[in-house]
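A structural walkthrough
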Amino acid sequence: MWSVVSTGELPAEERFDWYSDIVAREVMPAALSSERPTEFQGEAAVLDLGEIRASRFSLSPLRSRRTAAMIRRGDPEQYQLALLRKGATSLLQHRSECTIGAGDLMLWDTSRPSDNQMSAAGGRVQATILLLPRNIMPLRTQRLDQVLARRIPGDRGMAAILASFMTSLEDHGADCTPEELHRLGTVAVDLATACLAQHLDAEDHLPLEIRIQALVQRIHAFIEHNLSDPELNPSAVAAHHNISVRTLHQLFHGQKESVHARIRRRRLEQCRTDLAHPGLRSRRVGAIAARWGFSGPEVFSRTFREAYGISPSEFRAVRLDRSCAERSTRDDRSG
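Everything numeric here is computed off the predicted structure, so don't read it as measured data.

In this section: the sheet that holds strand E5 (residues 63-66). One open sheet accounts for 5 strands, arranged E2-E5-E10-E7-E8; its pairing is antiparallel. The sheet terminates laterally at strand E2 (31-33) and strand E8 (96-101), the two strands that pair on one side only. Within the sheet, the average angular offset between the axes of one strand and its neighbour, ignoring direction, is 10°. As paired elements, E2 and E5 share 3 bridges and run antiparallel to each other. Bridging across to E5, Ala 31 finds its partner in Arg 65.

The subject of this paragraph is the packing of helix H4 (residues 157-172) against helix H5 (residues 178-200). Axis separation between H4 and H5 bottoms out at 8 Å; the angle between their running directions is 150°. Our classification of the angle between H4 and H5 gives roughly antiparallel. Between H4 and H5 lies a crossing of left-handed hand. Packed against H4, whose contacting residues are Gly 157, Met 158, Ala 159, Ile 161, Leu 162, Phe 165 and Leu 169, the element H5 presents Leu 184, Val 187, Ala 188, Leu 191, Ala 192, Ala 194, Cys 195 and Gln 198 at the interface.

About the criteria used
Residues numbered from 1 in each chain as written. Predicted model: local features only at pLDDT ≥ 70, side-chain atom pairs only at ≥ 80, totals over all residues. Heavy atoms only, no water. Pairing = 2+ DSSP bridges. Helix = DSSP H or I, 4+ residues; strand = E, 2+ residues; numbered from the N terminus. Axes fitted to C-alpha atoms, helices over the stretch in contact; angles between N-to-C directions. Parallel < 35°, antiparallel > 145°, perpendicular 65-115°, else oblique. Left-handed = near helix turned anticlockwise from the far one by under 90°. Contact = heavy atoms within 4.5 Å.

Dropping the structure here:
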């Protein structure tokens, strides 16, 4: 469960000072400033992932500075890796400076002085951040120093996979059990490490288990983006990642499902979503099956029934009838 704090219920003249106190007390000492403090609005939330935490925030533009004196007063001794969701932010730290926009990632060290300027045209800055204790990061400090205050584009390589993971964590983390969140914390550390190592060209120096976890996550992302390809199968997945089919199956030996089972499940889930969508009621069942990579309507119908105990057409009729009934009930209530 995300633990949330918000300025929403406070008088306008108290919001900025209250938010500044929260940051200083619960996060770390920092000097916050705003050009329009009486218009300030902010919300922050934290999700416990075992050894690490994830945070998210949505706030009016501001500037945050940490001096050496502030670090001596209080330091969580963390690397903080942010995915910017909206707005822009500029960071100055360790003789480096960068500006990032929505979709980019950026790393900073709470144990070093910094100057962070956040801006948003007519709105709030939004970001998701992984709070990573320094002592759990496998990469050496000297190596990580090289990526501080550097823009990491979030649309390619391991950065894209990490960005997708962080987005899903923000959207669905509240639905997970404590045990699942702890496992996600381990995944988060592995993905963050692999992302930073790739940015540093240091992947070969990572522990074997982290490289394996990163490869599995790349495979998951590849499957997700190629479900519509009817040629997607374990051989195609292995070939794309330059490994043998045998190695691929070994990678998934400790997973909940095989590669083939994952492909089938995700295709079925996408078809199920389309079949239940009122806006797609005119689209033939066979066309939906083909859209998600099934080789033919017979194969799809048989696979769907085996998974859900009902035919695709029957499922569609039931879901659309239910949707109409729910809409009628809402209309009656509003009338």
